[in-house]
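# Overview (structure and organization)
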Amino acid sequence: MPPLSVFAWSICGVPLGIASGAMTSFAELACRKSNVGSRVLLRDRETVQATLGRARATLRAARAFLSHAMTDLMAATATGGKRLVEARADIRIANAHAAETAMSITDELATSVGAAAIFETCVLERAVRDVRAVATHIAMSPNNYIIAGRLALGLDSGTARF
């Protein structure tokens, strides 16, 4: 297996785990918090319910893409050639997508909670900060989309680190 591919894949679980934890914290907070001037708990608002449902679907889709890309990479390692090149590009975009997804989920959850999410006492504030610190690692860089696009257009990868 290409060491760069395996390394990036191995650290992708961190931002996805942070997003998963943020979802748990969001659900707990929604069960006890209401907006200022309202007695209705956040959990009873359909927009909040939809936000959490969408986050679950998005997280699971990112995990599935990541797992599928790694499965393809493992199979392509034995085959080599063009299939391996495509699998390496796919694992890279799966990594970038996982990082972007994790950031998007935590941002959306924090936005749904409102101003409470800006305080250090709120778990979501920490999740937003942590996911940004981890998901910006070069292994999960949006530049991976460029590499995959270049290869799909019949060009070389454009980098010696592929």
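Everything discussed here concerns the structure shown above.
Residues numbered from 1 in each chain as written. Predicted model: local features only at pLDDT ≥ 70, side-chain atom pairs only at ≥ 80, totals over all residues. Heavy atoms only, no water.

## Things to note about the overall build of the chain
- Within the chain, the regular secondary structure consists of five helices and zero strands.
- Mapped in sequence order, the helices and strands of the chain form the string α-α-α-α-α.
- For the C-alpha atoms alone, the extent of the chain along its principal axes is close to 60 × 25 × 25 Å.
- Across the 162 residues that make up the chain, the buried fraction comes to 40%.
- Contacts in the chain between residues far apart in sequence, at least 24 positions, make up 70% of those at least 6 positions apart. (Helix = DSSP H or I, 4+ residues; strand = E, 2+ residues; numbered from the N terminus. Buried < 20%, exposed > 50% of the residue type's maximum accessible area, 1.4 Å probe, protein only. Contact = heavy atoms within 4.5 Å.)

## What to know about the side chain of Ser-25
- Relative to the elements of secondary structure, Ser-25 occurs in helix H1 (residues 3-30).
- Classification of Ser-25 as buried rests on a relative accessible area of 16%.
- What Ser-25 contacts, discounting residues up to four positions off in sequence, is Val-123 and Leu-124.

## Overview of the layout of surface pockets
- Each pocket or cavity is described by its volume, and for the largest pocket that value is around 370 Å³.
- Lining the largest pocket are 17 residues; nearest its centre among them are Arg-92, Ile-138, Ala-139, Asn-144 and Arg-161.
- Of all the secondary-structure elements, those providing two or more residues to the lining of the largest pocket are H1 and helix H5 (143-152).
- Class assignment for the residues of the lining of the largest pocket results in seven nonpolar, eight polar and two charged.
- The computed volume of the second largest pocket comes to approximately 150 Å³.
- Lining the second largest pocket, in full, are Lys-82, Val-85, Glu-86, Ala-89, Asp-90, Ala-148, Leu-151 and Ala-152.
- Grouping the amino acids of the lining of the second largest pocket by side-chain chemistry returns five nonpolar, no polar and three charged. (1 Å grid on protein atoms, 1.4 Å probe; cavity = no way out; pocket = protein on both sides within 12 Å on 5 of 7 lines; lining within 4 Å. Points joined across faces, edges and corners; volume = space filled by probe spheres on them. Nonpolar A, V, L, I, M, F, W, Y, C, P; charged D, E, K, R; others polar.)

## A closer look at a nonpolar patch on the surface
- Together, Met-1, Val-6 and Met-74 give the surface a local cluster of nonpolar side chains, amounting to about 260 Å² of exposed area.
- With respect to the element layout, Met-1 can be found in the segment before H1. (Patch = residues over 30% accessible without salt bridge, like charges linked within 9 Å, V, L, I, M, F, W, Y side chains within 5 Å. Areas by Shrake-Rupley, 256 points an atom, 1.4 Å probe, with all protein chains shown as cover. Salt bridge = Lys/Arg side-chain N within 4 Å of Asp/Glu carboxyl O.)

## A word on the packing of helix H2 (residues 46-79) against helix H3 (residues 81-113)
- Contact geometry for H2 and H3: axes closest at 8 Å, N-to-C directions at 165°. The pairing of H2 with H3 is recorded here as roughly antiparallel in orientation. In the packing of H2 onto H3, the handedness of the crossing is left-handed.
- Taken together, the residues of the contact of H2 with H3 break down into 19 nonpolar, nine polar and five charged. (Axes fitted to C-alpha atoms, helices over the stretch in contact; angles between N-to-C directions. Parallel < 35°, antiparallel > 145°, perpendicular 65-115°, else oblique. Left-handed = near helix turned anticlockwise from the far one by under 90°.)

## A word on the environment of Cys-122
- Following the sequence through the fold, Cys-122 ends up in the loop between H3 and helix H4 (123-135).
- Note on Cys-122: relative accessible area 10%, which makes it buried.
- In sequence terms Cys-122 and Leu-29 are 93 residues apart; their C-alpha atoms lie 9.1 Å from each other.
- Beyond its immediate chain neighbours, meaning those up to four positions away, Cys-122 contacts Leu-29, Ala-116 and Ala-117.

## Digging into H2
- Helix length check: H2, at 34 residues, gives a terminal C-alpha distance of 49 Å against a target of 50 Å (1.5 Å per residue), a fit within 8%.
- Within H2, burial applies to Val-48, Thr-51, Leu-52, Ala-55, Leu-59, Ala-62, Leu-66, Ala-69, Met-70, Leu-73 and Ala-76.
- For H2, the elements touching its buried residues are H1 and H3.
- Just downstream of H2 lies Gly-80, where phi reads positive at about 75°. (Expected span 1.5 Å × (residues − 1).)

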